[in-house]
Every structure is written in C-alpha cells, then in structure tokens.
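What follows is the residue order along each chain.
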Amino acid sequence: MARVKLFSKFRQEFKRERMDYSRPICALLALVVFYLSHLAQCTNAKINFREKEKQILDQILGPGRYDARIRPSGINGTGDAPTFVHVNMFLRSISKIDDYKMEYSVQLTFREQWLDERLKFNNLGGRLKYLTLTEANRVWMPDLFFSNEKEGHFHNIIMPNVYIRIFPNGNVLYSIRISLTLSCPMNLKLYPLDKQTCSLRMASYGWTTDDLVFLWKEGDPVQVVKNLHLPRFTLEKFLTDYCNSKTNTGEYSCLKVDLLFKREFSYYLIQIYIPCCMLVIVSWVSFWLDQGAVPARVSLGVTTLLTMATQSSGINASLPPVSYTKAIDVWTGVCLTFVFGALLEFALVNYASRSDMHRENMKKTRREMEAAASMDAASDLLDTDSNTTFAMKPLMRGTNDKMRQCEIHMTPPKKNCCRIWMSKFPTRSKRIDVISRITFPLVFALFNLAYWSTYLFRDEEEQK
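Below is a summary of the structure that appears in this document. (Residues numbered from 1 in each chain as written. Predicted model: local features only at pLDDT ≥ 70, side-chain atom pairs only at ≥ 80, totals over all residues. Heavy atoms only, no water.)

## Topic: the state of the cysteines
Per the stated rule, a full pass over the model turns up 2 disulfides. One disulfide bridge connects C184 with C198, the sulfur atoms lying 2.0 Å from each other. Looking down the S-S bond of the C184 and C198 bridge, the torsion is -80°, so its handedness is left-handed. Pair noted here: C184 is in the loop between β7 (171-183) and β8 (195-204) and C198 is in strand β8, with a separation of 14 residues, a long-range link. The exposure classification of C184 matches that of C198, with both residues buried. Through a disulfide, C243 is tied to C254; the S-S separation comes to 2.0 Å. Since a negative S-S torsion denotes a left-handed disulfide, the C243-C254 link at about -55° is left-handed. Of this pair, C243 sits in the loop between β11 (233-242) and β12 (245-247) while C254 sits in strand β14 (residues 254-263); the two residues are 11 residues apart in sequence, bridging distant segments of the chain. A relative accessible area of 5% means that C254 is categorised as buried. Taken in sequence order, the bonded cysteines of the protein chain link in the pattern 1-2, 3-4. Its sulfur unpaired, C276 is 4.9 Å from the next cysteine sulfur, which belongs to C335. (Disulfide = S-S within 2.5 Å. Helix = DSSP H or I, 4+ residues; strand = E, 2+ residues; numbered from the N terminus. Buried < 20%, exposed > 50% of the residue type's maximum accessible area, 1.4 Å probe, protein only.)

Here it is in structure tokens:
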C-alpha cells in the first residue's frame, strides 16, 4: 500500500511539472504562426516600384549628390584612366545621295554606353532592371559631334525620341534618333559606272584621349534596316574604323563608318546611252538619201546635232563642274563627234557632186570641141589634091603599126575586189556615201568595244 501511494503521488507531481513546461512552448508556437502569417500578407501586397524609382533617382541624382559637369572615373574607379564610351548605331534610312552637292542624308538611331559608378543603386533583388530618363542634362554626357555634318536635327514628334537608361551597376545607355545631312566627296571619273564611299565620322570635341575614348561596341556595331531602298544606288557593304586626329591642342578620339555605294546603271542605260546610240544611228540615215535631197539631209543632220548637244548639256547640268574627264563625257563627246561627222560628210558629198558635175560639163565641152576639130580636119582633107592625100597615107599607116606594137607589149593593170566594187559607182559623191555607210558603223562599233572594255575592267580593278 505504501508503494501504491508513493507512485500515485509521483504521477501527480509529473503531470504538474509537464503543464508548467508546455506553456512557454505553446506561446513560442503561437508567435511563429503570427510571424509567418504577417510575412505572407507582406509578400502578397503589391510594391509600388514607381515610387521606389523616384526614391532611387532622388537619392542618386538629388541636389548635392551628383554633378553632371564632372566626367566619370576610369577603369576600376581610377581618376587618371580615361572614360570609355562604346558606340553603336542603327541605320533606318538613306533618303538621297546628291552628286551635285556631294552630300547624302541619313536617318539613324545613335547609341552610346559608358560606366558611371556614381549612379549605382539597389535593384531590389533583381526586380528593378534599370531606370529610365528623358532629360539628357541630368547626367554627364560625352561631347561627341559629327565632323562631316552639314545639317542635322532631332525628332520631337510626338515626344522627343530620346531616352537614358541607368542600370544597377552604373552603366548608362543613351539612345536618340537623329537625321543628318553629311558631306561625301566623290570621284566622278567613272560616272555613271562608279562606286562611291561616303563616311560618317564621330569625334570628341573637347575631351582628349587622356580623358575620353570612343570605342565601337563589340559584335555588330552598325545595323542596317532590312530592304533598304535607294533610288539610284545600292549599299554594297559598310566598314567600321578609327580615325583619331591630332591637333595642336591634343589628340582626340574619332570613329568612322565607311558606306560603299554602287550606282545603279540601268537608269543611265535607258536615259542616256540608248538615246545617244539612237541619235547617232539616225544621223547615218542621210548616207542613204539621194545626194540631190539637200533640204532633207541638211535638216536631218542639224536636228540630230542640236538634239545631241541638248542631251549632253542636260547631263552636265546635273553634275558638278570638275576639272577631269568623266566616262559620260567621253561617251557624249564621241557621239556628238559622230553626228557632226555625218553632217560634214554631206558637205563633202555636196562638194564632190558639184565637182563631178563640173567635170562632166568639161568633158562634154571637150568632146564637142574634139568633134568639131575632127570635122574640120575631114573637110580639109577632102579639099586637098590627091598627091598630098596619097603621100599622107603611108605616114598614118606607120603610126598605127607602132601603136599596135606598144599595146601588145603593155600588160593590163590588175584590178582588186575593192576597185571592181567601187567601179560600180562612177561618181565620187556616190563613192563617199557608200564608204561612209560602212566606215561610220564600223568605227562606232570599235569605239563601243574599247569604251565598255576600258571602264568595266577599270571598275573591277578599283574594286579589288
């Protein structure tokens, strides 16, 4: 009985102590459940990132915190190293290439990227990728300018086409859409079978290479819009390069893009070369007209000559006055020479025709005089006595015998094909027309062979 009483007493004490230890454990469990429920409510609640962006911008760009006049530090925050600016661009369109003014117009999206460690911020666990600004004067900007620019403007419709992105690590991306008219010095010696290289040059205006260096972005720094259409040119390729310049104030960083344009020849073939060939061929029609059709031949020659001169002046009106001879000048000059030669040929034919007529009249007069002289001689012989007549007969017989002997010993002259063929045209004027019908087309064909061979092969050599 004593053992039972002792056991029951021990069990009651154990239950009492168990109740005392369970109270703090329950309180701890209740606190953990409350914290987890509160954390879930905070997670489910929406964070106002726009407000966070405003706070970050005020924090990094607030008054007294950031000075846009001071350039960023160099690599690893060293002040002595230059700031590296990586450049790339997207060519949206090329509107025109002017041969007379030697310029071209281009629209592009221009981008610059650099590191400014003063603009680092907390990205809220990767939820804030970058900050966006539309005011370029809020941060430091490179002093880049286009050295071969003639005119340029920004685009402000509907809003200014510009933005600045600030990344958490301090990288700054500047992008803007601009339209530029740039100078493009051209060599027109092979015009219109030429290729032109137009450059787009960008350089620092005030910062030397000790402070600022421009670099092309690695991997496709220049992009071109697909299906780029140009009215008279084709963009064959483009090359990126560096063009640092040294002056008496220091060395300045410079980038350039060389755009290689090939002129479309089909337009000039239809508008210039074929019409000139037709005018030259039309001028040859006068060779087939009768030499007596003076009004027709003169009007045809003068009309073709004036038309060819007008064509030549119209071509030169669209080109700048240069000191060297262009390929189109050679073509129009030779075609004008052929048309002028056809007109001169008629003048020569007209002169030869009048000379032939004068010669025929002289021959006719001489025959008439010889006939009259022979008739007078015959009448004189009839009037003389018979002794004188019989005395003269042996003398005439001897002379005829000597002439027959000379004719036997003389060899007849050989006649070649040309002489036989030319003998079909008795007058010199007709012979000139016939020779011109063959000579003019043959010489023009040889000129075409030499012209196209020279300029086409020269174009290929310059391309190599």
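## Observations regarding the packing of aromatic side chains
A full pass over the atoms with the stated rule returns 25 aromatic pairs. When the centroid spacing of 6.3 Å and the interplanar angle of 75° are considered together, the rings of F233 and F261 count as edge-to-face. Of the two residues, F233 is situated in strand β11 and F261 in strand β14; the sequence distance between them amounts to 28 residues. Aromatic ring contacts, followed pair by pair, group F265, Y273, W284, F287, W331, F338, F440, F444, F447, Y451, W452 and Y455 into a single cluster. (Phe/Tyr/Trp six-rings, centres within 6.5 Å; stacked < 30°, edge-to-face > 60°.)

## Observations regarding helix α3 (residues 265-283)
Taking 1.5 Å per residue as the helical rise, α3 with its 19 residues ought to reach 27 Å, and the 26 Å between its terminal C-alpha atoms agrees with that figure. The complete set of buried residues in α3 reads Y268, I272, Y273, C276, L279, V280 and S283. (Expected span 1.5 Å × (residues − 1).)

## Concerning the nonpolar core
Ranked by size, the top nonpolar core spans 78 residues in total, and within it M89, Y104, L108, F110, L200, M202 and F261 carry the most contacts. Ranked by residue count, the leading element in this core is helix α5 (residues 327-383), at 7 residues. Setting aside residues no more than four positions away along its own chain, L108 makes contact with M89, F90, L91, R92, I176, R177, I178, L180 and L200. (Core = buried A, V, L, I, M, F, W, Y, C linked by side-chain atoms within 4.5 Å. Contact = heavy atoms within 4.5 Å.)

## Some thoughts on the pattern of salt bridges
Applying the stated criterion across every chain, the model contains 15 salt bridges. With its nearest N and O atoms 3.0 Å apart, the salt bridge here joins K326 to D329. The buried category is assigned to K326, whose relative accessible area is 5%. A cluster of three or more residues bridged by salt bridges with shared partners is formed by D99, D194, R232 and R263. (Salt bridge = Lys/Arg side-chain N within 4 Å of Asp/Glu carboxyl O.)

## Description of a nonpolar patch on the surface
Taken together, the side chains of L269, I270, I274 and M278 define a hydrophobic patch exposed on the protein surface, amounting to about 370 Å² of accessible area. Mapped onto the secondary structure, I274 falls in helix α3. Relative accessible area serves as the criterion here: at 40%, I274 is assigned to the partly exposed category. (Patch = residues over 30% accessible without salt bridge, like charges linked within 9 Å, V, L, I, M, F, W, Y side chains within 5 Å. Areas by Shrake-Rupley, 256 points an atom, 1.4 Å probe, with all protein chains shown as cover.)

## Remarks on unusual backbone geometry
For residues other than glycine, phi is negative in most cases, and the peptide bonds are mostly trans. For the bond running from I157 to I158, omega is -5°, close enough to zero to count as cis. If you trace the backbone, I158 turns up in the loop between β5 (149-154) and β6 (162-166). Its identity is not glycine, yet M102 carries a phi of approximately 55°, on the positive side. Of note, M102 is situated in the loop between β1 (83-98) and β2 (103-115). One non-glycine residue with positive phi stands out, namely L124, at about 55°. Mapped onto the elements, L124 comes out in the loop between β2 and β3 (131-133).

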